[in-house]
Amino acid sequence: VQLQASGGGLVQPGGSLRLSCAASGRTFSGFVMAWFRQVPGKERVFMSAISWNSGTAYYADSVKGRFTISRDNAKNTVYLQMNSMGPEDTAVYYCAADLRASSYPISSPTKYAYWGQGTLVTVSS
């Protein structure tokens, strides 16, 4: 299984950015895909997740109403649309996949066995 994250870059405060995570190597039906972010010296933090089958979405309180997660089953790709961004959103963003129906909480990095390489998002004027 491989996850390829892309779409990071420099965006001005108040701007928008869309991240993509292309998955390959197997089918993802029935499992969960997620986005985390990490700043230097701190732990990886949950942002959002989506159930591949049902499309049910989950969000951290810090991004609820600003970020939207979605998936394209045909393309095996998960997206994270980020709006109204601020400097606090600056981080490396990682996509992750739980393909084992792990019992860990959806916000726990331990739940996810597969990780993409990360894409840097910088919010600055």
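The shown structure was predicted, so the numbers you read here are calculated from the model rather than taken from an experiment.

A.B. asks: Can you lay out the pattern of salt bridges for me, pointing to particular residues and giving the numbers?
C.D. replies: Side-chain pairs of opposite charge can arise whenever the charged atoms involved come near each other. Counted under the stated rule, the structure contains four salt bridges. The shortest N-O distance in the salt bridge between Asp89 and Arg66 comes to 2.8 Å. Pair noted here: Asp89 is in the loop between strand E8 (77-82) and strand E9 (91-98) and Arg66 is in the loop between strand E6 (57-59) and strand E7 (67-72), with a separation of 23 residues, a long-range link. Taken together, the shared-partner salt bridges in this structure form one network comprising Arg37, Arg66 and Asp89.

A.B. asks: Requested: an account of the pairing of strand E11 (residues 119-123), with residues and values cited.
C.D. replies: Of the two faces of E11, only the one carrying Thr119, Val121 and Val123 is buried; Leu120 and Thr122 on the other face are not. Bridge analysis of strand E2 (residues 9-11) against E11 gives three bridges, and the strand direction is parallel. By the bridge assignment for E11, Gly9 is matched with Val121. In the sheet, E9 pairs with E11 via three bridges, with the strands oriented antiparallel. Counterpart to Val92 in the pairing with E11 is Leu120.

A.B. asks: An account of the pairing of strand E4 (residues 32-38) is needed here, citing residue identities and associated values.
C.D. replies: Looking down a regular strand, the side chains alternate between one sheet face and the other. The buried count for E4 comes to six of seven residues, which makes it a mostly enclosed element. Where E4 and strand E5 (residues 45-51) come together, six bridges link them in antiparallel fashion. Each bridged residue has a counterpart across the sheet, and for Phe36 the counterpart in E5 is Phe46. The hairpin formed by E4 and E5 contains six residues between the paired strands, and Gly41 there has a positive phi angle of roughly 85°. Where E4 lies against E9, seven bridges are found, and the strand directions are antiparallel. Within E9, the residue paired with Phe36 across the bridge is Tyr94.

Quick notes on the rules
- Residues numbered from 1 in each chain as written.
- Predicted model: local features only at pLDDT ≥ 70, side-chain atom pairs only at ≥ 80, totals over all residues.
- Heavy atoms only, no water.
- Salt bridge = Lys/Arg side-chain N within 4 Å of Asp/Glu carboxyl O.
- Helix = DSSP H or I, 4+ residues; strand = E, 2+ residues; numbered from the N terminus.
- Buried < 20%, exposed > 50% of the residue type's maximum accessible area, 1.4 Å probe, protein only.
- Pairing = 2+ DSSP bridges.

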